[in-house]
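Breakdown of the fold
What follows is the residue order along each chain.
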Amino acid sequence: MKELLDFLPEEYGLSPKYLNNELAKFVYQKYIDDFSDATSLSKALREQLKSEFNIMPLSLKIAQTSIDGSIKFLFSLHDNHTIESVLLPMKKERIENGIKKSAKYTICISSQVGCKSGCSFCLTGKSGLIRNLSTAEIVAQVLFIKKYAKIPYEQGINIVFMGMGEPLDNLKAVSKAVKIFSHNDTLAISPRRQTISTSGLAKQIEELGKMNLGVLLAISLHAVNDTLRDELMPINKAYNIESVLNAVRNFPIDARKRVLFEYLCLGGINDDLSHAKALVKLLHGIKAKINLIYFNPHEGSIYKRPSEEKVIAFRDYLQAHGQNATIRQSKGLDISAACGQLRNNEDENAKTSL
Ligand code: SAH
Ligand code: SF4
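One numbering rule holds for all chains: residues counted from 1, following each sequence as written. Each chain takes a letter, starting from A, and each ligand takes a number, starting from 1, following the order in which they are written. Predicted model: local features are reported for residues with pLDDT of at least 70 only, side-chain atom pairs are reported and counted for 80 or more only, and whole-chain, interface and lining totals are derived from all residues. Heavy atoms throughout the structure, all of them, feed into the side-chain values; hydrogens and water do not.

Further remarks concern the overall build of the chain. Strands here mean DSSP runs of E at least two residues long; helices mean DSSP runs of H or I at least four residues long; both are numbered from the N terminus. Along the chain, the regular secondary structure elements total eleven helices and 16 strands. Contact definition: two residues touch when any of their heavy atoms are within 4.5 Å. Expressed as a percentage of contacts within the chain between residues at least 6 apart in sequence, the contacts between residues at least 24 apart total 65%. If you sum the accessible surface of the chain, you get close to 16,300 Å²; carbon and sulfur atoms cover 51% of it. Note on areas: Shrake-Rupley with a 1.4 Å probe; residue coverage comes only from the protein chains shown.

To continue, consider the confidence of the model for the chain. Predicted coordinates in regions of low pLDDT should not be interpreted in detail. For the chain, the mean per-residue pLDDT works out to 91, and 89% of the residues sit at or above 70. The pLDDT value expresses, per residue, how confident the predictor is, ranging between 0 and 100. Below pLDDT 50 for its whole length, residues 348-354 participates in zero contacts with residues either more than four positions away or in separate chains.

With that settled, consider the pairing of strand E3 (residues 59-65). Two strands qualify as a pair provided DSSP detects at least 2 bridges between them. Judged from the six bridges that link them, E3 and strand E4 (residues 71-76) form a sheet pairing that is antiparallel. From the neighbouring strand, Ser59 faces E4, where its bridge partner is Ser76. Where E3 folds back onto E4 in an antiparallel hairpin, the turn is made up of five residues, including Gly69, whose phi is positive at roughly 95°.

Core analysis: the largest hydrophobic core is formed by 105 residues, its most contacted members being Tyr28, Phe121, Phe181 and Phe261. Ranked by residue count, the leading element in this core is helix H4 (residues 135-148), at eight residues. Both domain 1 (1-55) and domain 2 (56-91 + 103-353) contribute no fewer than three residues apiece to this core. Once residues lying within four places of it in the same chain are set aside, the contact partners of Phe121 are His222, Leu232, Met233, Leu264, Leu266, Phe295, His298 and Tyr303. Within this scheme, the nonpolar core is defined by two criteria: the residues are buried Ala, Val, Leu, Ile, Met, Phe, Trp, Tyr or Cys, and they are joined through side-chain atoms within 4.5 Å. For every residue, the accessible area (1.4 Å probe, protein chains only) is compared with the maximum for its type, and the residue is labelled buried under 20%, exposed over 50%, or partly exposed between those bounds. By size, the runner-up hydrophobic cluster in this structure holds seven residues, among which are Val86, Cys108, Met162 and Leu260. Note: domain ranges come from an automatic or database domain assignment.

Near ligand 1 you find 21 residues, and of these Gly165, Ser197, Ser220, His222 and Asn296 are the closest. Here an oxygen atom of ligand 1 and a side-chain polar atom of Ser197 are 2.7 Å apart. Whenever two N or O atoms come within 3.5 Å, that pair is a polar contact, provided that in protein one can donate a hydrogen and the other can accept it, and provided that, for residues adjacent in sequence, both atoms are side-chain atoms. Within the backbone of Asn296, an N or O atom sits 2.9 Å from a nitrogen atom of ligand 1. Coverage of ligand 1 by the protein amounts to 93% of the 540 Å² it exposes when considered alone. If you list the elements that add at least two residues to the shell around ligand 1, you get strand E12 (194-198) and strand E14 (259-265). For this description, a residue counts as near a given molecule or strand if any of its non-hydrogen atoms is within 4 Å of it.

Glancing now at the side chain of Asp169. Along the chain, Asp169 falls in the loop between strand E11 (157-161) and helix H5 (171-182). Residue class for Asp169 comes out buried when judged on its relative accessible area of 19%. A polar contact of 3.4 Å, which involves the side chain of Asp169, links it to the side chain of Lys116. Ignoring sequence-local partners within four residues, the contact set of Asp169 consists of Gln112, Lys116, Leu129, Asn132 and Leu201.

The next thing to look at is the site of ligand 2. Within the structure, ligand 2 sits among Cys115, Ser117, Gly118, Cys119, Phe121, Cys122, Gly125, Gly165, Glu166 and Ser199. Its residues assigned to classes, the shell around ligand 2 shows four nonpolar, five polar and one charged. As a working rule, the residues Ala, Val, Leu, Ile, Met, Phe, Trp, Tyr, Cys and Pro are called nonpolar, Asp, Glu, Lys and Arg charged, and the rest polar, with Gly in that last group.

Before going further, it helps to examine the pattern of salt bridges. What makes a salt bridge here is a side-chain nitrogen of Lys or Arg within 4 Å of a carboxyl oxygen of Asp or Glu, nothing more. The full count for this structure, using the stated rule, is 13 salt bridges. A salt bridge links Asp185 to Lys25; the nearest nitrogen and oxygen atoms lie 3.7 Å apart. Taken together, the residues span a long stretch of sequence, with Asp185 in the loop between H5 and E12 and Lys25 in helix H1 (residues 18-28) at a distance of 160 residues. A residue is classified by how much of its surface remains accessible, and Asp185, at 12% relative accessible area, is buried. Judged by its relative accessible area of 35%, Lys25 is partly exposed. Between Arg131 and Glu137 there is a salt bridge, with its nearest N and O atoms 3.0 Å apart. Like Glu137, Arg131 is buried. Overlapping salt bridges, with partners in common, bring together Asp79, Arg131 and Glu137 in one network.

Take helix H9 (residues 273-282) next. Regarding H9, the residues found buried are His275, Ala276, Leu279, Val280 and Leu282. Seen end-on, H9 carries its buried residues on one side only, within an arc spanning 160°. Away from its buried face, by an angle of more than 90 degrees, H9 presents the exposed residues Lys277 and Lys281. Residues of H9 that are buried in the fold lie against helix H7 (226-232), helix H8 (241-249), E14, strand E15 (288-294) and helix H10 (308-320). To be clear, the arc concerns the directions from the helix axis to the C-beta atoms.

Moving on to the packing of aromatic side chains. Here a pair means two rings of Phe, Tyr or Trp (six-membered ring of Trp) with centres within 6.5 Å. Their orientation is stacked below 30 degrees between planes, edge-to-face above 60, and tilted elsewhere. Scanning the model with the defined rule gives seven aromatic pairs in all. Ring centres of Phe7 and Phe53 lie 6.1 Å apart, and the angle between their planes is 75°; this geometry places the pair in the edge-to-face category. With Phe7 in the loop between strand E1 (2-3) and H1 and Phe53 in strand E2 (residues 53-54), this residue pair connects regions lying 46 residues apart in the sequence. Under the relative-accessibility criterion, Phe53 is labelled buried at 3%. Each ring, one from Phe144 and one from Tyr148, has its centre 6.3 Å from the other, and the planes form 20°; the classification is stacked. Of this pair, Phe144 and Tyr148 both sit in helix H4, four residues apart, which is roughly one turn of that helix. Here a set of aromatic residues connected by ring pairs shows up, and it is made of Phe73, Phe75, Phe144 and Tyr148. Charge over a ring is defined by NZ of Lys or CZ of Arg lying within 6 Å of the ring centre and within 35 degrees of the ring normal. Against the face of Phe26 rests Lys30, its NZ or CZ located 4.6 Å from the ring centre. Taking the ring centre of Tyr294 as reference, the NZ or CZ of Arg305 above it sits at 4.4 Å.

So this is what it looks like as structure tokens:
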């Protein structure tokens, strides 16, 4: 059995060709999950599709709503591994100058089960890499969530590859998913609304750049010198800060856009103003946007959440020195939204119930 979500519409292989597009619209725009509901297709074709393709490669295990409205999903895969995704409402429906403006959403998705990068602050990294997700498993997270939350097809959404896993370590499946998301007959999400976040695999950043997909790039920087970054992110030993920044400088990006730098603030480790000063120097000449993230503590972690004053002072310093800097609101902290935490809690529960 093949997974339909692994393919671009033109690869479904139906003839005449317009049937491919019609089928894609049923699945991605009318949210059908059974070929029988693709009523404009002939009965014979529906039967053929049923015997050839599966539509949804994952099933929902838990959906947890946070007080801020974000919803965290834990999905089961065919081999019983689990992955997480999050739906983050960015803006509520509102009236502006008498015009009804629609709500805005961001969907955060996973690219691997586990991760081999082993960052010292990250729960996902603790389990090592279990396996890559297939294109279908990546695409399905967005499709499932849009359908679950009853987000109309026309509603624009943003996609961020900031869930579990290192997207650039699964570049083939991820790049195909980007193409599927942006196809006009599927979800039609412009690549400029899709952000790939990486721990800094310089070689793969160059490779992604060459593909010219038009996606946005986010770099998890977290440290301003190699000694500290080596300690926090072992991948830095293979690709040090300079090599990552060189790859960023070569990355094709829309003139109106910026490269996002994520900076995880760890209390007492990298949240001092001397680090902010070094960061300004480091990013000189790069069109950057800096997003400061509060460390989200988890059981067994050796780091502390930084104080609010420190993070605000850090941001103010960056802004005063010409950088575009914001603090990421810790959405869904009450449902342990930092990557890997819901999955881990669930595993712990499973253990205690044995
Ligand atoms: N592997 C990719 C994308 C997934 S991680 C990457 O590292 O960029 C998405 C973001 O969550 C990264 O910036 C990562 O550093 C951050 N993160 C990991 N653990 C965290 C924690 N405990 N608290 C806050 N952010 C965390
Ligand atoms: Fe992997 Fe990203 Fe976690 Fe590092 S922060 S272990 S790269 S998922």
